[in-house]
Amino acid sequence: MSDSIFTELEPLLAEVNRPVQYVGGEVNAITKDWDSATVRWVLLYPDAYEVGAPNQGLQILYEVLNERPDVLAERAYAIWPDLEALLRSNGLPAFTIDGHRPLRSFDVIGVSLATELGYTNLLTSIDVAGLPLHSRDRTDADPLLVVGGHAAFNPEPIADFVDAVVLGDGEEAVLSLTEFLRDWKQQGAPGGRKELLRRLAASGQFYVPSFYDVRYADDGAIESVVPNRPGVPWTIAKHTLMDLDEWPYPKAPVVPVAETVHERASTEIFRGCTRGCRFCQAGMITRPVRERSASTVAEMVDHSLAKTGYREVGLLSLSSADHSEIGKLAEGLADRYEGTMTSLSLPSTRVDAFNIDLANELSRNGRRSGLTFAPEGGSERLRKVINKTVTEEDLIRTVSAAYGSGWRAVKLYFMCGLPTETDDDVLQIAELARRVIEAGREISGRRDIRCTVSIGGFVPKPQTPFQWAGQLGHEETDRRLRLLGEALRADRNYARAIGFRYHDGRPGMVEGLLARGDRRVGAVIEEVWRRGGRFDGWSEHFDFDLWRSCAEDLWEDQPISLSWFTTRERTRDEILPWQHLDAGLDADWLWQDWQDALAEDEVGDCRWTPCSACGVCDVMDTMIQIGPRPQSAAEWAPPTGVGARSPAERSGADG
Ligand code: SF4
């Protein structure tokens, strides 16, 4: 039995900002009987409730686990410093928001790492939960701490704090881990947590960092990464979920009680992306493309709306307009919700995949959402480097179509500091924005056309062709952004029509350190946290000087530094910290793609051009899944009142 701490917590909530984020009890939240569960999970999102509550990954796993009768899963989010101080002073532990149970009472804490800037929050949760900070100090009485998500593709900077790591899709992995745990518990926990971790590692499905020794050479580079016991594999491969139709989650998304970053239901329409944008870690690590069929998407949208009461549905993926049935899907859903003020949206649209019919269908029944396009690079040359094969003509044609159909504003997203970028590449963004306004004024005959240029600093990520690139320093990023701002303001004819939003370069340096760091970065994370670092993804909390001074203090006598991890270009023969973690991408293919980037050579999308042999399908024994399923339109129409079913339900098994 684990008791709720809500009685002690409630009086403290009156003293903190936005207490509603800690109370739970939302529509579709799940609380299960503690004693009937054989395995109990906390799903922790190490950022604020307003960011974490709509997170798809966490919502999916919450349902997948809770559908099993003997498994219980509750949610937890990062606690803000005001509540952290009160919990500490009152001797109360970190808790879940569903049952308000102490995190330490659970069997496993599964952490979803969407970005690296949540690492200090993770340490807060571990510490306030009463767990030893370091994995090596935990006892059999402590839960397992398991991390997954995109940032887990290089977990080395947090290797000392985590017990195990899941790479790739989580649905099957959490069920597999549950079985390992259940068996081990039912056998009387033989060999303690070490034996449980050994079983997880030996299965090849989970990475247990403490079972690998990392050695460093005198120049600071990694000399070797070696398993330190028998039966542990040299490399660990990612999980890939095939046939998304068999996993139609979330079926009943939790409706947050506090304001969050997305106020809508979301349905994932495909996973993976093979466009090959070289900067994009998400695209690289989620290959191959696996589409959900239009009929399943329609069923899921129907159920999400019925279960949540939302009037907007986001059709999610890395590039939603690329779904092979997107036109049919948008038209079918618009017909279905005719007259209901229900709108559909795509998170952002590729310039070359956008078409005006699609945009009109999406907004037919509800409000017209803004249009965001992401050319990413200002010049055509730079777009070849990053393999974002969009010409200026494509962009002008696309935005002209939007302005001509009644849109008054578009947002264009770019990055600063891409490999080989020059001042001229950045200044061409201003020229592009001027041409966009010019085209909009011409086609609409109006002067109130607007375009917002939004730009952030580029951070090279692991498992991408740019993993070897040197990151642009923050002073230089800021100088180029200033240059662009001046150019945008210089022309009085356009200045008022063009908005300019930018992020300064400093958070990107810390993100770069955490993204491509090795185990030695863990000490810096811990020191920053001990000196008060929290919520690094929030500009009002982020403290660059704190990170810089901790790195300088700890690495004073070492060949490594903040710039060693960020602005330094790597050579082909350097052992990268994540080299033993296999996203399926062939290292030679990635290196060749990096060389092709420098030569401004583009590579095609394997959905429409021949396989470029990135290695994923061979290594992971997977394949691209696209195309209509089922074929007939009659079959496609969403059956009212029939719920999407889980694999367990379909087979008549448990759940
Ligand atoms: S192996 Fe070929 S088909 Fe599969 S994702 Fe890579 S490039 Fe595409």
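Quantities reported herein were computed from a predicted structural model and do not represent experimental measurements. (Residues numbered from 1 in each chain as written. Predicted model: local features only at pLDDT ≥ 70, side-chain atom pairs only at ≥ 80, totals over all residues.)

1. Side note on the sheet that holds strand E16 (residues 450-457)
Stage number 1. Pairing in this open sheet of four strands is parallel, and the strands run E14-E15-E16-E17 from one edge to the other. Both edges of this open sheet fall to strand E14 (371-376) and strand E17 (498-502), since each of them pairs with a single strand only. Between one strand axis and the next, the sheet turns by 20° as a mean value, whatever way the strands run.
Stage number 2. Pairing of E14 with strand E15 (residues 409-416), which is carried by four bridges, proceeds in the parallel orientation. Considered in E15, the bridge of Thr 372 is made with Lys 411. (Pairing = 2+ DSSP bridges. Helix = DSSP H or I, 4+ residues; strand = E, 2+ residues; numbered from the N terminus. Axes fitted to C-alpha atoms, helices over the stretch in contact; angles between N-to-C directions.)

2. Some points on the site of the ligand
Stage number 1. Around the ligand, the neighbouring residues are Thr 274, Arg 287, Pro 288, Cys 606, Cys 611, Ser 612, Ala 613, Cys 614, Gly 615, Val 616, Cys 617 and Ile 624.
Stage number 2. By residue class, the composition of the shell around the ligand is eight nonpolar, three polar and one charged. (Near = placed C-beta within 6 Å. Nonpolar A, V, L, I, M, F, W, Y, C, P; charged D, E, K, R; others polar.)

3. Focus on the pairing of E16
Successive residues of a regular strand alternate their side chains across the two faces of the sheet.
Stage number 1. Side chains of E16 alternate between two faces, with Cys 451, Val 453, Ile 455 and Gly 457 buried and Arg 450, Thr 452, Ser 454 and Gly 456 left unburied.
Stage number 2. In the sheet, E15 pairs with E16 via eight bridges, with the strands oriented parallel. The partner of Met 415 across the bridge, within E16, is Gly 456.
Stage number 3. As for the winding sense of the linkage, the β-α-β connection from E15 through helix H14 (residues 423-444) to E16 is right-handed.
Stage number 4. Sheet topology places E16 next to E17; five bridges connect them, and they run parallel. Paired with Ser 454 across the two strands is Arg 501, which belongs to E17.
Stage number 5. Crossover connection from E16 via helix H15 (residues 474-490) to parallel E17: handedness right-handed. (Buried ≥ 20, exposed ≤ 12 C-beta atoms within 10 Å, placed from the backbone. Right-handed = clockwise from strand over helix to strand, strands pointing away.)

4. Describing the domain arrangement of the chain
Stage number 1. When the domains of the chain are assigned, the result is domain 1 (6-237) and domain 2 (264-365 + 586-639).
Stage number 2. On the side of domain 2, nine residues touch domain 1, which itself brings six residues to the contact. (Domains from an automatic or database assignment. Contact = placed C-beta atoms within 7 Å.)

5. Description of the nonpolar core
Stage number 1. Ranked by size, the top nonpolar core spans 174 residues in total, and within it Trp 41, Val 146, Ala 164, Val 165, Phe 206, Ala 433 and Cys 451 carry the most contacts.
Stage number 2. The biggest single contributor to this core is H14, with eight residues.
Stage number 3. Two domains each donate at least three residues to this core, and these are domain 1 (6-237) and domain 2 (264-365 + 586-639).
Stage number 4. Among all residues touching Phe 206, those that are not within four sequence positions of it are Ala 164, Val 165, Val 166, Leu 177, Leu 200 and Ala 201. (Core = buried A, V, L, I, M, F, W, Y, C linked by C-beta atoms within 7 Å.)

6. Thoughts on the packing of helix H17 (residues 521-530) against helix H18 (residues 544-554)
Stage number 1. Running from N to C, H17 and H18 point in directions that differ by 125°, and their axes come no closer than 9 Å. Judged by the inter-axis angle, H17 sits oblique to H18. For the crossing formed where H17 meets H18, the hand is right-handed. Where H17 abuts H18, its residues Ala 523, Val 524, Glu 527 and Val 528 lie against Leu 546, Trp 547, Cys 550, Ala 551 and Leu 554.
Stage number 2. For the contact of H17 with H18, the class distribution of residues is eight nonpolar, no polar and one charged. (Parallel < 35°, antiparallel > 145°, perpendicular 65-115°, else oblique. Left-handed = near helix turned anticlockwise from the far one by under 90°.)

7. A word on the confidence of the model for the chain
Stage number 1. The predicted model of the chain averages 91 in pLDDT, with 94% of residues at 70 or higher.
Stage number 2. Confidence drops under pLDDT 50 across residues 630-655; counting only partners more than four residues distant or on other chains, this segment forms 34 contacts. (pLDDT = per-residue confidence, 0-100.)

8. Here we look at unusual backbone geometry
Stage number 1. The omega torsion of the bond from Tyr 249 to Pro 250 falls at -5°, within 30 degrees of zero and hence cis.
Stage number 2. Considering the arrangement of structural elements, one finds Pro 250 in the loop between strand E8 (236-237) and strand E9 (265-268).
Stage number 3. Each neighbour pair has its own omega, and for Arg 287 with Pro 288 the value is -5°, a cis peptide bond.
Stage number 4. With respect to the helices, strands and loops of the structure, Pro 288 is situated in the loop between helix H8 (281-285) and strand E11 (290-291).
Stage number 5. Non-glycine residue Arg 18 carries a positive phi angle of around 40°.
Stage number 6. With respect to the helices and strands, the residue Arg 18 is situated in the loop between helix H1 (6-13) and strand E1 (39-45).
Stage number 7. Of note in this structure, Phe 535 is not a glycine but carries a positive phi near 45°.
Stage number 8. Assignment of secondary structure puts Phe 535 in the loop between H17 and H18.
Stage number 9. Look at Phe 535 and you get buried, because 20 C-beta atoms sit within 10 Å.

9. What to know about the sheet that holds strand E13 (residues 343-345)
Stage number 1. Across the sheet, three strands lie side by side as E9-E12-E13; this open sheet has parallel pairing. Two strands bound the open sheet, and with one partner strand each, they are E9 and E13. The average undirected angle you get between the axes of adjacent strands in this sheet is 25°.
Stage number 2. For strand E12 (residues 312-316) and E13, the ladder comprises three bridges, and the chain directions are parallel. Within E13, the residue paired with Glu 312 across the bridge is Ser 343.
Stage number 3. Across the sheet, helix H9 (residues 294-308) touches E9 and E12, and the angle it forms with E9 is around 160°.

10. Concerning H17
Stage number 1. With seven of its 10 residues buried, H17 lies for the most part within the structure.
Stage number 2. Taken as a whole, H17 has its buried residues at Val 521, Gly 522, Val 524, Ile 525, Glu 526, Val 528 and Trp 529.
Stage number 3. Contacts from the buried residues of H17 go to helix H5 (119-129), helix H16 (506-516), H18 and helix H19 (562-566).
Stage number 4. Within two residues after H17, Gly 532 carries a phi angle of roughly 105°, on the positive side.

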